[in-house]
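Results of the structural survey
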Amino acid sequence: MAEESGWWEDCHPLEFRRQFRINRSTFNLICDKIPPYTVTKRKATTKDLRRNVAACIWRLASGQPSSVMNEKFGLTRQQWHDSCRKFVKNIMMDKYVKWPDAVEMYRDIQLTKRGSGSYSTALQAVVNHKGIFQDVFIGGPGSLPDYAVYQSSTLCKEKVESLEGVWIVGNRKIPLVEKVLVPYTNYSNLTQTQRTFDTQLYEIESVAREVCLMLLNGADLLNLEVMKNAVLVCCILHNICETNDDWMDPEWRLNLEDNCYIPNPAVVSASASHKRDAIAESLAQKLAVNLEFHM
C-alpha cells in the first residue's frame, strides 16, 4: 500500500519533476483549482485530492501499468480511472481549453492518432502559435481518415463558421476546404510561389505537431472512454504548464512515424482553392518586399 505520508509530498523538487513531468508549484496550483473529490466511499478531503491528482498525473507521465497504482498510491485500477474522469469534470476544461476570441489571429490545426494496446482513438487539436490548445476533439477509432474526423467534429460543424477573415492552418492529410488552409500537394509541378507558401505552412504546422508528440506517454488504458479522459487531462495539463512557464523537456517528446497520406480529392472547395492562390501570391509578394528591405 502507499505510504501514509504520501511520497509525492516529500520528494526533492527535481525528483518530483522527473516523476511527474511538472514542477511542484504547478502541481500545487492545480490542486488549489479543484474542489476535493474522492474515489472511495468516505468523505473527500484535501489529502485525498492531492493523492488523486498526483496519481492521475504520475501514471500519464510515467506510462507505468495500472498494476503499480495500488503500491504507489493505494488506488485500484478502477479507482484511477474514476480519478481521471473526475479530474476532467472538476478542472473546468472550458477555462483551460477554450476557443479564442476575435483578437487572436493565429490558428493551427493538427490531426494525430494515438493508440494504446488494442485500442486507438483519433485526436484533433487546434493549437495557437504559442502551443496552447484552443480546441480538442477526441472521437472515432484511430483508423478513421483525418478528414472524416474533421467532418464529425464541432470545429467543422460549428466553430469555423465564426471565423471572419481568419484561416486555420491544417495538415496535409485533409483536403482543402473553406477556412482551413492546407499545403499544395502536386509536388512535382509546384511554382516558386506555391513552394514558398508550403514552406510557411509547414513552419506553422510544426508548432502543433510538436505539441501533439509531447502530449501522451502511452499508459496502458482500459478502454476508449478512459483513453478519451486521459487525453483530455493531458491537454489541460499542457495548457496549465505552458501558461505557467513550466515547459516540457525535449527528451519527453514521442517519436512517432507520420505517413505521407494525401487525401483524394485534395481540393473539396473550388472557392477555397482560389482564395489559397490569392493568399499564396500575397505572401510571396510580402516576403519579396521584406527580402529587398533587408538587402
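Just so you know, these numbers come straight off a predicted model, no measurement behind them. (Residues numbered from 1 in each chain as written. Predicted model: local features only at pLDDT ≥ 70, side-chain atom pairs only at ≥ 80, totals over all residues. Heavy atoms only, no water.)

Glancing now at the overall build of the protein chain. Helix and strand content of the protein chain: 12 helices and five strands. Looking at the protein chain residue by residue over its 295 residues, the buried ones come to 48%. Across the protein chain, contacts joining residues at least 24 apart in sequence account for 64% of those joining residues at least 6 apart. Element-wise, carbon and sulfur atoms account for 54% of the exposed surface of the protein chain, whose accessible area totals about 15,100 Å². (Helix = DSSP H or I, 4+ residues; strand = E, 2+ residues; numbered from the N terminus. Buried < 20%, exposed > 50% of the residue type's maximum accessible area, 1.4 Å probe, protein only. Contact = heavy atoms within 4.5 Å. Areas by Shrake-Rupley, 256 points an atom, 1.4 Å probe, with all protein chains shown as cover.)

On to the packing of helix 3 (residues 24-33) against helix 4 (residues 46-62). For the pair helix 3 and helix 4, the least separation of the axes is 10 Å and the interaxial angle reads 125°. With respect to their mutual orientation, helix 3 and helix 4 come out oblique. Between helix 3 and helix 4 lies a crossing of right-handed hand. Of helix 4, the residues touching helix 3 (which contributes Phe 27, Asn 28, Ile 30 and Cys 31) are Leu 49, Arg 50, Val 53, Ala 54 and Ile 57. Residues belonging to the contact of helix 3 with helix 4 are distributed by class as follows: seven nonpolar, one polar and one charged. (Axes fitted to C-alpha atoms, helices over the stretch in contact; angles between N-to-C directions. Parallel < 35°, antiparallel > 145°, perpendicular 65-115°, else oblique. Left-handed = near helix turned anticlockwise from the far one by under 90°. Nonpolar A, V, L, I, M, F, W, Y, C, P; charged D, E, K, R; others polar.)

Note on placement: Arg 276 falls in helix 12 (residues 270-293). At 4.8 Å, Asp 277 is the nearest oppositely charged side chain to Arg 276, a buried residue that forms no salt bridge. Beyond its immediate stretch of four places on either side in the chain, Arg 276 contacts Leu 176, Leu 181, Val 182, Pro 183, Tyr 184, Phe 197 and Val 267. (Lys, Arg positive; Asp, Glu negative; His and termini not counted. Salt bridge = Lys/Arg side-chain N within 4 Å of Asp/Glu carboxyl O.)

A few words on the pattern of salt bridges. Taken as a whole, this structure holds six salt bridges when the rule is applied. One salt bridge connects Arg 51 with Asp 48, and the closest N-O pair in it is separated by 3.9 Å. Residue Arg 51 and its partner Asp 48 are located together in helix 4, separated by three residues, close to a single helical turn. Neither residue differs from the other here; Arg 51 and Asp 48 are each classed as buried.

This next bit is on the packing of aromatic side chains. In total, this model carries 10 aromatic pairs according to the counting rule given. The interplanar angle of 80° and the centroid separation of 5.9 Å between the aromatic rings of Trp 7 and Trp 8 together place this pair among those described as edge-to-face. A ring pair is formed by Tyr 184 and Phe 197, whose centres lie 5.5 Å apart and whose planes are at 70°; its orientation type is edge-to-face. One end of the pair, Tyr 184, is in the loop between strand 5 (180-181) and helix 10 (192-213); the other, Phe 197, is in helix 10, with 13 residues separating them in the sequence. (Phe/Tyr/Trp six-rings, centres within 6.5 Å; stacked < 30°, edge-to-face > 60°.)

In total, this model carries zero disulfides according to the counting rule given. In this structure Cys 234 is not part of a disulfide, and its nearest cysteine sulfur, from Cys 235, lies 6.9 Å away. (Disulfide = S-S within 2.5 Å.)

Okay, the nonpolar core next. Counting 50 residues, the largest nonpolar core has Phe 20, Phe 27, Ile 30, Val 53, Phe 73 and Phe 87 as the members making the most contacts within it. No other element matches helix 11 (residues 224-243), which puts 11 residues into this core. Counting residues in each nonpolar core, the second largest holds 21 residues, with Leu 176, Val 177, Tyr 184 and Leu 201 among its members. (Core = buried A, V, L, I, M, F, W, Y, C linked by side-chain atoms within 4.5 Å.)

Even without being glycine, Arg 21 reaches a positive phi, approximately 60°. Locating Arg 21 in the fold gives a position in the loop between helix 2 (13-20) and helix 3. Its identity is not glycine, yet Lys 179 carries a phi of approximately 75°, on the positive side. As for its placement among the helices and strands, Lys 179 is situated in the loop between strand 4 (168-169) and strand 5.

Attention now moves to the environment of Cys 84. Locating Cys 84 in the fold gives a position in helix 6 (residues 77-90). Considered as a pair, Cys 84 and Ile 57 are 27 residues apart in the sequence and their alpha carbons are 8.8 Å apart. Filtering out sequence-adjacent residues up to four positions away, Cys 84 remains in contact with Cys 56, Asn 229, Ala 230 and Val 233.

This brings us to the side chain of Asp 246. As for its position among the elements, Asp 246 is in the loop between helix 11 and helix 12. What makes Asp 246 buried here is its relative accessible area of 2%. In this structure the side chain of Asp 246 is engaged in a polar contact, spanning 2.7 Å, whose partner is the side chain of Arg 17. Those residues within four positions of Asp 246 in sequence are excluded, and the remaining contacts are Arg 17, Ile 22, Asn 23, Thr 26 and Cys 241. (Polar contact = N/O pair within 3.5 Å; in protein donor to acceptor, adjacent residues only side chain to side chain.)

A word on helix 2. Of all the positions in helix 2, only Phe 16, Arg 17, Gln 19 and Phe 20 are classed as buried. Around the axis of helix 2, the buried residues are gathered within 165° of arc, so they sit on the same side. Opposite the buried face of helix 2, by more than 90 degrees, sit the exposed residues Leu 14 and Arg 18. (Arc of directions from axis to C-beta.)

On to the environment of Met 69, then. By the secondary structure assignment, Met 69 is in helix 5 (residues 69-73). For Met 69, a relative accessible area of 0% translates into the label buried. Along the backbone, Met 69 and Arg 59 are 10 residues apart, and their C-alpha atoms lie at a distance of 8.0 Å. Not counting the four nearest positions on each side in its chain, Met 69 is found in contact with Ala 55, Trp 58, Arg 59, Gly 74, Leu 75 and Trp 80.

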